[in-house]
Amino acid sequence: MGWLFMRDMGGHATPRAYLDNQFSYSHEDHRLTVLASSMVGSTYYAACERVESNKDREVFAVVCLTKHNPRSTDGHVFGYKDMTEHMGPCESDCPASILDALTDTHSEYAVDWRARCRANLIQRKLEQAKPTPKPGQTIIFDEPMRFSDGSDRARFEIVANPKGKTPLFRDPESRAICRIPAFRKRAYRIVHAAIVVRDAANG
């Protein structure tokens with residue numbers, strides 16, 4: 001299904017509230033109910049319970065990409081693109097509370113999607129467990145990074161960022177300050193600024 005845009009959200013205050021309502025309804029042959037939902041960034045995740053008229057029950061995941069702009073110049077303030085886990089969505093940051101509510105599935109796409117979501121949850125926990133670098137400390141990445149001048153660098157001094165919480169990094173040799181996007185996804189260790197780490201290659 002493609003994108004669906006609208007000029008209002010039918011009185012609902014948030015995209016999540018609107019989509020919860022969209023995926024909760026009753027028809028003659030089945031009923032659909034949102035058991036749990038969450039917005040992760042601009043992506044909506046929900047555990048939807050479908051109960052057939054013969055009482056067969058299934059709980060599956062719905063994923064929606066959303067765009068919400070109350071000041072849209074064309075008047076279309078909200079849009080979404082919905083899909084189910086059976087379509088194997090690329091978005092795979094579904095919260096554990098929603099994954100835990102799902103019933104078993106035989107869909108290979110859904111099984112793969114759930115596995116990717118679980119793997120991402122584990123990865124985020126590992127990232128959060130890493131020590132938080134603080135100004136004045138030194139960070140050493142396991143894998144050097146190649147910069148535009150052709151040099152490889154792995155050791156940086158932590159510098160406070162006046163515009164946000166994400167730290168800045170200073171090359172101890174050139175004194176140049178840079179940003180390292182998604183640095184927590186990299187393997188690193190923190191050392192005190194006064195500690196000198198010897199290069200193993202030089203003894």
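Treat the numbers as computed from the prediction; the structure is a model and nothing was measured.

Criteria and thresholds
Residues numbered from 1 in each chain as written. Predicted model: local features only at pLDDT ≥ 70, side-chain atom pairs only at ≥ 80, totals over all residues. Heavy atoms only, no water. Helix = DSSP H or I, 4+ residues; strand = E, 2+ residues; numbered from the N terminus. Rg over C-alpha atoms; globule rule 2.2 N^0.38 Å. Buried < 20%, exposed > 50% of the residue type's maximum accessible area, 1.4 Å probe, protein only. Contact = heavy atoms within 4.5 Å. Areas by Shrake-Rupley, 256 points an atom, 1.4 Å probe, with all protein chains shown as cover. Lys, Arg positive; Asp, Glu negative; His and termini not counted. Charge placed at Lys NZ, Arg CZ, Asp CG, Glu CD. UniProt positions renumbered as here; feature names shortened; annotations may be inferred. Salt bridge = Lys/Arg side-chain N within 4 Å of Asp/Glu carboxyl O. Polar contact = N/O pair within 3.5 Å; in protein donor to acceptor, adjacent residues only side chain to side chain.

### Quick word on the overall build of the protein
Now for step 1: Of the regular secondary structure elements, the protein holds three helices and eleven strands.
Now for step 2: Counting from the amino terminus, the protein carries its helices and strands in the arrangement β-α-β-β-β-β-β-α-α-β-β-β-β-β.
Now for step 3: For 203 residues, the compact-globule formula gives about 17 Å, and the C-alpha radius of gyration of the protein, at 23 Å, lies well above that figure.
Now for step 4: Along the longest, intermediate and shortest principal axes, the C-alpha atoms of the protein span 75 × 45 × 25 Å.
Now for step 5: With 203 residues in all, the protein has 35% of them scored as buried.
Now for step 6: Within the protein, counting contacts between residues at least 6 apart in sequence, those at least 24 apart form 46% of the total.
Now for step 7: Element-wise, carbon and sulfur atoms account for 51% of the exposed surface of the protein, whose accessible area totals about 12,700 Å².
Now for step 8: Charged side chains in the protein number 29 positive and 26 negative. The centres of these two groups are separated by 9 Å.

### Brief notes about the UniProt feature "domain: DUF6927" (unreviewed entry) in the protein
Now for step 1: As annotated by UniProt and renumbered to match this structure, "domain: DUF6927" (unreviewed entry) occupies residues 105-182.
Now for step 2: Taken end to end, residues 105-182 comprises 28% helix and 28% strand; its first and last C-alpha atoms sit 34 Å apart.

### Observations concerning the pattern of salt bridges
Now for step 1: Inspection of every chain in the model, using the stated rule, returns twelve salt bridges.
Now for step 2: Linking Arg-57 and Glu-49 is a salt bridge whose minimum nitrogen-to-oxygen distance equals 2.5 Å.
Now for step 3: Here Glu-49 falls in the buried class, since its relative accessible area comes to 13%.
Now for step 4: A salt bridge links Arg-153 to Asp-171; its shortest N-O distance comes to 3.5 Å. With Arg-153 in strand S8 (residues 152-159) and Asp-171 in the loop between strand S9 (168-170) and strand S10 (177-178), the pair connects residues that are 18 residues apart, well separated along the chain.

### Here we look at the environment of Thr-138
Now for step 1: When you line up the elements, Thr-138 lands in strand S7 (residues 138-146).
Now for step 2: Since its relative accessible area comes to 3%, Thr-138 is described here as buried.
Now for step 3: In this structure, the C-alpha to C-alpha distance between Thr-138 and Asp-93, residues 45 residues apart in sequence, is 31 Å.

### Quick look at the side chain of Thr-66
Now for step 1: Along the chain, the position of Thr-66 falls in strand S5 (residues 57-68).
Now for step 2: We classify Thr-66 as buried; its relative accessible area is 9%.
Now for step 3: A polar atom in the side chain of Thr-66 sits 2.5 Å from the backbone oxygen of Ser-42.
Now for step 4: Thr-66 has contacts with Trp-3, Leu-19, Met-39, Ser-42, Tyr-44, Phe-78, Gly-79 and Tyr-80, leaving out every residue within four places of it along the chain.

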